[in-house]
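# Structural overview for review
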Amino acid sequence: MHRTHILIAMDAHTIAQGARSVKEALQRELALAALADEVRVVETGSLGIYNKGVVLVIFPDAVYYTGVQVQDVSEIISEHLIKGRVVERLQYTDVPGAEKVAGQAPRAGKQVRVVLKNAGIIDPDNIEEYIAHDGYEALGKALTAMKPQDVIAEVKQSGLQGRGGAFFPTALKWEFAARETSKEKYIICNADEGEPGTFKDRLILEGDPHAIIEGMTLTGYAVGADKGFIYIRGEYRMSINRMQKAIEQARAHGLLGKNLFGSNFSFDLEIREGAGAYICGEETALIESIEGKRGEPRDKPPFPPTEGLWGKPTIVNNVETLANIPQIILKGAAWYKSLGTEKSPGTKVFTMVGNINNPGLIEVPMGITLREIVYEIGQGIPGGKGFQLAQMGGTTGGILTAEHLDLPMSVECLREIGAGLGSGALLVVDDTQNVVDLVMNFVEFFNHESCGKCTLCREGTGRLLELLEKLTDGKGTVQDVALIEELAKIMMKGAFCGLGQAAPVPILGCLKYFRAEFEKLAKTAGSAAA
Amino acid sequence: MKTLADLRAIKEKAKAEMATREKNARFRITVAMGTCGIAAGARDTMSAIIDELNKRNIQDAIVTQTGCLGYCDQEPLIQIAQADKQTISYGKVSPEVARKIIAEHIVNGKVVADYVFNLS
């Protein structure tokens with residue numbers, strides 16, 4: 001037993017701020033103080049605290065420190081670990097997910113951790129810590145006491161919907177594949193998270209990689225697949241490394257491989273790295289990419305559950321969806337349904353970015369209001385500025401304005417106003433930002449990421465950009481604003497895949513609520529010409 | 001991994017090691033580690049406590065430290081807190097006394113009267 005555990009968040013953000021050197025300094029100084037046998041330093045995933053430097057938490061006291069630098073380490077050791085005095089200048093009291101560990105922070109109150117239950121709690125490189133937190137228990141339960149159709153039925157009962165952004169009922173997708181008689185079927189985890197501002201999948205992969213392995217294995221059992229691929233974008237080096245290590249550990253423990261839990265079910269996994277194309281997050285383009293082809297979307301139907309990877313039935317599920325599966329199997333559909341709203345059960349992981357005091361990774365029950373997220377969990381907008389808009393769901397997400405602050409964030413409520421939860425990126429924009437510039441930024445992104453397969457998206461994004469540039473250059477007319485709207489609407493209807501169909505969503509959203517801003521530019525241009 | 005029992009065996013072992021991170025430990029043993037405590041040998045006392053807990057495989061106790069409690073002459077001082085029970089303070093806890101306190105107080109539930117120090 002170690003009397004104290006120091007958990008240091010080791011994710012891409014904290015590493016960039018020097019977490020590795022802090023960890024080394026901790027180990028060096030602990031050895032010097034002859035505390036190495038009493039105090040254990042544990043690497044963990046994101047603690048949900050973002051943009052606050054290197055973050056660590058000291059147990060059993062559950063004291064959080066942020067902004068820790070190498071030169072602070074000796075003070076933490078001599079004050080906190082030897083004399084038992086908290087180093088107040090580094091202490092962070094507004095702890096996310098604190099209901100699990102500390103129980104005092106207001107930020108914790110509205111959060112419910114299902115997907116992130118282990119992130120920042122366990123050492124993701126140690127399978128035994130995952131097992132200690134009920135890991136692989138659901139797999140054991142399913143393989144020893146449930147038939148594949150029971151697994152599907154439980155997930156169906158739970159009402160789980162795909163967390164990649166489309167919110168398609170997960171069990172329904174599984175049923176399509178389970179029904180197929182092919183001997184070869186595949187499970188793909190879509191970890192090609194490419195939405196600007198979205199990094200939840202990365203933090204789930206980095207914080208709890210075994211949950212994805214267990215979720216995929218359960219999915220394989222449910223639909224009758226024995227092989228899986230995790231498609232992770234190449235920039236997510238740390239996710240790839242952690243996942244690779246997790247796969248090896250699961251194999252060594254007989255939790256991947258042949259005859260799992262003494263059953264005749266076998267399952268194994270491989271990682272495939274994406275090369276950073278936004279389009280490869282679209283499931284059929286992703287499948288093409290795994291097959292070694294150019295990442296372009298396929299015609300649908302057939303859909304992947306009937307004809308996917310190498311023409312075989314294939315389930316493509318998002319990271320967050322898969323991370324929910326073991327919990328649902330272990331705790332049951334009724335428990336899952338008790339979270340969230342009736343039509344949108346469960347929780348949603350958000351990455352909160354933009355003009356917000358407390359940006360970061362949060363997990364909240366479906367149905368929470370935008371006001372609670374922005375003003376309670378996010379602690380409002382810096383500099384006392386007003387709330388102008390929020391974009392929910394990444395670059396393709398819909399626009400929400402002040403009138404939507406009290407709208408419950410659920411699939412059904414957002415659908416009603418033509419928006420969606422999407423991937424879970426929440427961009428908050430204060431009232432000093434220029435909406436037209438914002439839209440231009442979106443369009444530049446889509447123009448760059450359009451794969452070029454269909455004319456509407458390839459040309460449409462280009463023409464939209466030209467029209468917007470014309471407006472901001474002061475050469476546009478009111479007709480140009482109308483043209484932007486018309487073109488966006490046509491793209492939405494006619495583009496080949498989700499990229500081109502969704503690209504107009506934020507443009508139309510901004511036009512709906514902030515049309516005057518666009519027309520103001522056009523009018524100024526008109527008067528200048530006159 | 002052939003059975004659920006195999007999995008649970010790993011689980012129990014790993015849980016024991018992670019107990020330090022849990023809030024639901026039954027006992028919380030606090031060692032006063034001010035300058036006075038350390039000078040009086042609190043470090044050795046703490047090491048003895050950890051060693052004894054490990055030897056006896058006691059998993060529902062956590063060990064933490066605090067600063068000077070203001071009774072420097074009584075150091076090394078330790079306190080044992082338990083939910084719904086009065087917190088007991090012990091003074092002049094040498095490593096040997098610490099081992100005795102673990103055996104009596106933690107294991108058998110009997111306060112070691114000879115070393116109890118009344119803070120009030």
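Residues numbered from 1 in each chain as written. Chains lettered and ligands numbered in written order. Predicted model: local features only at pLDDT ≥ 70, side-chain atom pairs only at ≥ 80, totals over all residues. Heavy atoms only, no water.

From N to C terminus, chain B includes four helices and four strands. Overall, chain B shows an N-to-C arrangement of helices and strands of α-β-α-α-β-β-β-α. In chain B, buried positions account for 49% of the 120 residues. Across chain B, the fraction of contacts at a sequence separation of at least 24, relative to all contacts at a separation of at least 6, is 64%. Working note: accessible area of chain B is about 5,900 Å², and carbon and sulfur atoms make up 49% of it. (Helix = DSSP H or I, 4+ residues; strand = E, 2+ residues; numbered from the N terminus. Buried < 20%, exposed > 50% of the residue type's maximum accessible area, 1.4 Å probe, protein only. Contact = heavy atoms within 4.5 Å. Areas by Shrake-Rupley, 256 points an atom, 1.4 Å probe, with all protein chains shown as cover.)

Relative to the assigned elements, Thr369(A) resides in the loop between strand 11 (360–365) and helix 16 (370–377). With near-sequence residues (within four places) excluded, Thr369(A) lies in contact with Leu405(A), Asp406(A), Leu407(A), Pro408(A) and Met409(A).

Now for the pairing of strand 8 (residues 268–274) of chain A. Residues and elements named next belong to chain A. With seven bridges connecting them, strand 7 (residues 227–233) and strand 8 associate as parallel partners. For Ile-230, the partnering residue across the bridge sits in strand 8 and is Ile-271. Taken together, strand 7, helix 12 (residues 237–252) and strand 8 constitute a β-α-β crossover, and its handedness is right-handed. (Pairing = 2+ DSSP bridges. Right-handed = clockwise from strand over helix to strand, strands pointing away.)

Moving on, we get to helix 13 (residues 283–290) of chain A. Residue and element names in this part refer to chain A. Judged by how many residues are buried, helix 13 sits mostly within the fold: seven of eight residues are covered. For helix 13, the full list of buried residues reads Glu-283, Thr-284, Ala-285, Leu-286, Ile-287, Glu-288 and Ile-290. For helix 13, the secondary structure elements touched by its buried residues are helix 9 (170–179), strand 6 (186–191), strand 7, strand 8 and strand 9 (314–318). Just past helix 13, the residue Gly-292 takes up positive phi, approximately 90°.

Along its sequence, chain A is organised into domain 1 (4–92), domain 2 (127–337), domain 3 (347–430) and domain 4 (435–529). Between the C-alpha centres of domain 1 of chain A and domain 4 of chain A there is a distance of 48 Å. (Domains from an automatic or database assignment.)

Residue and element names in this part refer to chain A. All chains considered together, the criterion is met by 47 salt bridges over all chains. For Lys-200, the salt bridge is made with Asp-201, and the minimal N-O distance between the two is 2.9 Å. Assessed through its relative accessible area of 1%, Lys-200 is described here as buried. Residues Arg-294 and Glu-296 are paired through a salt bridge, measuring 3.0 Å at the closest nitrogen-oxygen approach. According to the relative accessible area criterion, Arg-294 is exposed, its value standing at 62%. Exposure remark for Glu-296: the relative accessible area of 22% places this residue in the partly exposed category. Connected through salt bridges with shared partners, the residues Arg-20, Lys-23, Glu-43, Asp-125, Arg-242 and Lys-245 form a single ionic network. (Salt bridge = Lys/Arg side-chain N within 4 Å of Asp/Glu carboxyl O.)

Attention shifts here to helix 3 (residues 42–55) of chain B. All names here are of chain B. The end-to-end C-alpha distance of helix 3, which contains 14 residues, comes to 20 Å, matching closely the 20 Å that a straight helix rising 1.5 Å per residue would cover. The set of residues buried in helix 3 consists of Ala-42, Arg-43, Thr-45, Met-46, Ala-48, Ile-49, Ile-50, Glu-52 and Leu-53. Each element contacted by the buried residues of helix 3 is listed here: strand 1 (27–32), helix 2 (35–39), strand 2 (61–66), strand 3 (78–82) and helix 4 (95–107). With its phi angle positive at about 55°, Asn-57 sits one or two positions after the end of helix 3. (Expected span 1.5 Å × (residues − 1).)

Moving on to the packing of aromatic side chains. Residues and elements named next belong to chain A. Applying the stated rule across the entire model yields 10 aromatic pairs over all chains. Ring geometry for Tyr-130 versus Tyr-136: centroids 5.2 Å apart, planes at 85°, classification edge-to-face. Note on Tyr-136: relative accessible area 0%, which makes it buried. Geometrically, the ring pair formed by Phe-265 and Phe-267 is stacked, given 6.1 Å between the ring centres and 20° between the ring planes. Here the two residues Phe-265 and Phe-267 agree in accessibility, since each one is buried. Grouping aromatic residues by their ring pairs yields a cluster made of Tyr-186, Phe-229 and Trp-310. Looking at Arg-202, its charged tip hangs above the ring of Tyr-236, at a distance of 5.3 Å from the centre. The ring centre of Phe-350 lies 5.8 Å from the NZ or CZ of Lys-348, which sits over that ring. (Phe/Tyr/Trp six-rings, centres within 6.5 Å; stacked < 30°, edge-to-face > 60°. Lys NZ or Arg CZ within 6 Å of the ring centre and 35° of its normal.)

Turning next to the interface of chain B and chain A. Tallying the contact residues gives 34 residues for chain B and 42 residues for chain A. Together, Met1(B), Thr20(B) and Arg21(B) form the three largest contributors to the area buried by chain B at its contact with chain A, with a combined 22%. Linking chain B to chain A there are five salt bridges. Residues Glu137(A) and Arg8(B) are paired through a salt bridge, measuring 2.4 Å at the closest nitrogen-oxygen approach. Across the chain B-chain A interface, the total number found is nine residue pairs in polar contact (both at pLDDT 80 or more). The class makeup of the residues in the side of chain B that touches chain A is 15 nonpolar, eight polar and 11 charged. (Buried area = accessible area lost by both parts, 1.4 Å probe. Polar contact = N/O pair within 3.5 Å; in protein donor to acceptor, adjacent residues only side chain to side chain. Nonpolar A, V, L, I, M, F, W, Y, C, P; charged D, E, K, R; others polar.)

Residue and element names in this part refer to chain B. Strand order in the open sheet made by the four strands is 2-1-3-4, with mixed pairing throughout. Two strands in the sheet have a free side with no partner beyond their single neighbour: strand 2 and strand 4 (88–90). Each neighbouring strand pair of the sheet contributes to a mean axis angle of 20°, computed without reference to strand direction. Sheet topology places strand 3 next to strand 4; three bridges connect them, and they run antiparallel. Paired with Ile-78 across the bridge in strand 4 is Tyr-90. (Axes fitted to C-alpha atoms, helices over the stretch in contact; angles between N-to-C directions.)

Within the secondary structure layout, Arg3(A) lies in the segment before strand 1 (4–9). Residue class for Arg3(A) comes out buried when judged on its relative accessible area of 0%. Engagement of the side chain of Arg3(A) in a polar contact is seen with the side chain of Glu38(A), the distance being 2.6 Å. Among all residues touching Arg3(A), those that are not within four sequence positions of it are Leu35(A), Glu38(A), Val39(A), Phe59(A), Pro60(A), Leu81(A), Thr20(B), Arg43(B), Met46(B), Ile50(B), Val63(B) and Gln65(B).

Glancing now at the pairing of strand 11 of chain A. All names here are of chain A. For strand 11, a buried count of five out of six residues is recorded, marking the element as mostly surrounded by other parts of the structure. The pairing of strand 10 (residues 347–354) with strand 11 spans six bridges and is classified as antiparallel. Within the sheet, the bridge partner assigned to Met-352 lies in strand 11 and is Gly-360.

Next up on the list: the sheet that holds strand 13 (residues 398–401) of chain A. All names here are of chain A. Read from one edge of the open sheet, five strands run 11-10-14-12-13, paired in mixed fashion. Each edge of the open sheet is held by one strand with a lone partner, namely strand 11 and strand 13. Each adjacent strand pair in this sheet contributes to an overall mean axis angle of 30°, direction not counted. As paired elements, strand 10 and strand 14 (residues 425–430) share four bridges and run parallel to each other. The residue of strand 14 that forms the bridge with Met-352 is Leu-426.

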